Amino acid sequence: MSRRLVVLGAPGAGKGTQAARISEHLGIPTISTGALFRSHMAARDELGTLVAGYIDAGNLVPDEVTTRMVAERLAEPDVVEGFILDGYPRNLAQAEQLDVMLADRPLDAVVEFVVDTEAVVERLLRRAEIEGRSDDTADVIRHRIEVYHENTAPLVDHYRGRGLLLEVDAMGQIDDVTERTLAALENA
Ligand code: AMP
């Protein structure tokens, strides 16, 4: 079973939810760059203050800042059995930086959660009501989807070309998506 994983998907594809479930199933940690940034913002520490403007506007935090945070996290001992990266890499430059970080322990698979964009906007607006995330307003959601298509979507072809991509239909019930994902990973 694959252990070093990346999850990809447009905002609202449910990758955070699925990453948490797969993580529990496989007994490996999820490293979510968005969640890490949000906890720094909540703590109002130096990194949180630095990234808040980018996140609230739906823009990417500069690669250098993000990559340093991920490199530090990947140096911690709990990732030896594997990990799920949720939200990183977000562009081709980060994908290259990740390869450098993982030189002696390369990725096993990249899961893409495939959704239809309109359904995603509705999902995110619902999440905004529940979680109250500062970047879940309608305008920022649309901008984040554009940023995804422009910067992150090219990673799908990048990883497909390397034979790492597993595409999972992420529409429908959360449990069904989890099952499809685990099946895809088992068959990989
Ligand atoms: P997420 O929770 O993955 O939707 O991320 C929320 C926000 O955090 C994004 O809209 C970006 O502003 C920022 N962010 C998360 N991951 C990255 C990354 N790998 N590179 C740059 N910015 C990121």
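A short tour of the structure in this document, coming up.

Conventions and cut-offs
Residues numbered from 1 in each chain as written. Predicted model: local features only at pLDDT ≥ 70, side-chain atom pairs only at ≥ 80, totals over all residues. Heavy atoms only, no water. Helix = DSSP H or I, 4+ residues; strand = E, 2+ residues; numbered from the N terminus. Rg over C-alpha atoms; globule rule 2.2 N^0.38 Å. Contact = heavy atoms within 4.5 Å. Areas by Shrake-Rupley, 256 points an atom, 1.4 Å probe, with all protein chains shown as cover. Lys, Arg positive; Asp, Glu negative; His and termini not counted. Charge placed at Lys NZ, Arg CZ, Asp CG, Glu CD. 1 Å grid on protein atoms, 1.4 Å probe; cavity = no way out; pocket = protein on both sides within 12 Å on 5 of 7 lines; lining within 4 Å. Points joined across faces, edges and corners; volume = space filled by probe spheres on them. Nonpolar A, V, L, I, M, F, W, Y, C, P; charged D, E, K, R; others polar. Buried < 20%, exposed > 50% of the residue type's maximum accessible area, 1.4 Å probe, protein only. Pairing = 2+ DSSP bridges. Axes fitted to C-alpha atoms, helices over the stretch in contact; angles between N-to-C directions. Near = heavy atom within 4 Å. Polar contact = N/O pair within 3.5 Å; in protein donor to acceptor, adjacent residues only side chain to side chain. Sits in = over half its atoms within 2 Å of the grid points. Arc of directions from axis to C-beta.

1. A few points about the overall build of the protein
So, step 1. Across its full length, the protein carries 9 helices and 5 strands.
So, step 2. When the helices and strands of the protein are listed from N to C terminus, the series reads β-α-β-α-α-α-β-α-β-α-α-α-β-α.
So, step 3. Scaling as 2.2 N^0.38, a compact globule of 188 residues should have a C-alpha radius of gyration of about 16 Å, and the protein matches this with 16 Å.
So, step 4. Along the first, second and third principal axes, the C-alpha atoms of the protein reach 40 × 35 × 30 Å.
So, step 5. For the protein, long-range pairs separated by at least 24 residues make up 74% of all intrachain contacts whose partners lie at least 6 apart in sequence.
So, step 6. Accessible surface, the protein as shown: approximately 9500 Å² in total, 50% of it carbon and sulfur.
So, step 7. Both charge centroids of the protein, one from 19 positive and one from 33 negative side chains, sit 2 Å from each other.

2. Focus: the layout of surface pockets
Regions of empty space are outlined by a rolling probe, equal in size to a water molecule, passed over the atoms.
So, step 1. Roughly 1000 Å³ of volume is contained in the largest pocket.
So, step 2. In terms of lining, the largest pocket is formed by 45 residues, of which the most central are Gly 12, Lys 15, Arg 127, Arg 133 and Arg 144.
So, step 3. Looking at the lining of the largest pocket, the elements that each hand over two or more residues are β1 (4-9), α1 (15-26), α2 (33-43), α6 (117-131), α7 (138-152) and α9 (174-187).
So, step 4. The element best represented in the lining of the largest pocket is α6, accounting for 6 residues.
So, step 5. Among the residues forming the lining of the largest pocket, the class breakdown is 18 nonpolar, 16 polar and 11 charged.

3. Some points on the side chain of Gln 94
So, step 1. With respect to the helices and strands, Gln 94 occurs in helix α5 (residues 92-101).
So, step 2. Classification of Gln 94 by relative accessible area gives buried; the value is 2%.

4. Overview of the sheet that holds strand β2 (residues 30-32)
So, step 1. Ordered in space as β2-β3-β1-β4-β5, the 5 strands form an open sheet in which the pairing is parallel. Because the sheet does not close on itself, it has two edges, and the strands there are β2 and β5 (165-169). With strand direction ignored, the average angle separating the axes of adjacent strands in the sheet is 25°.
So, step 2. Both strand β4 (residues 109-114) and β5 contribute to a ladder of 5 bridges, which runs parallel. Bridge assignment links Val 114 to a residue of β5, and that residue is Asp 169.
So, step 3. Contacts between α2 and the sheet are confined to β2 and β3 (83-86), with β2 contributing the most and set at about 60° to the helix.
So, step 4. Those strands touched by helix α8 (residues 154-161) are β1, β4 and β5, and its axis lies near 125° from that of β5.

5. Here's the deal with the site of the ligand
So, step 1. The ligand sits among 16 residues. The nearest are Thr 33, Arg 38, Asn 59, Gly 87 and Gln 94.
So, step 2. Within the side chain of Thr 33, a nitrogen or oxygen atom sits 2.7 Å from a nitrogen atom of the ligand.
So, step 3. Gly 87 is positioned such that a nitrogen or oxygen atom in its backbone is 2.8 Å from a nitrogen atom of the ligand.
So, step 4. Here the ligand has 480 Å² of accessible area as a free molecule, and 96% of this is covered by the chains.
So, step 5. Structurally, the ligand is housed in the largest pocket.
So, step 6. For the shell around the ligand, the element with the highest residue contribution is α2, accounting for 4 residues.
So, step 7. Class assignment for the residues of the shell around the ligand results in 5 nonpolar, 6 polar and 5 charged.

6. Details of α2
So, step 1. Those residues of α2 that sit buried are Thr 33, Phe 37 and Met 41. Seen along its axis, α2 keeps its buried residues to an arc of 75°; they face one direction. Among the exposed residues of α2, those pointing more than 90 degrees away from its buried face are Ala 42 and Ala 43.
So, step 2. Where α2 is buried, its residues touch β2, α3 (46-57), α4 (63-74) and β3.
So, step 3. Immediately downstream of α2, the backbone of Arg 44 shows phi near 55°, a positive value.

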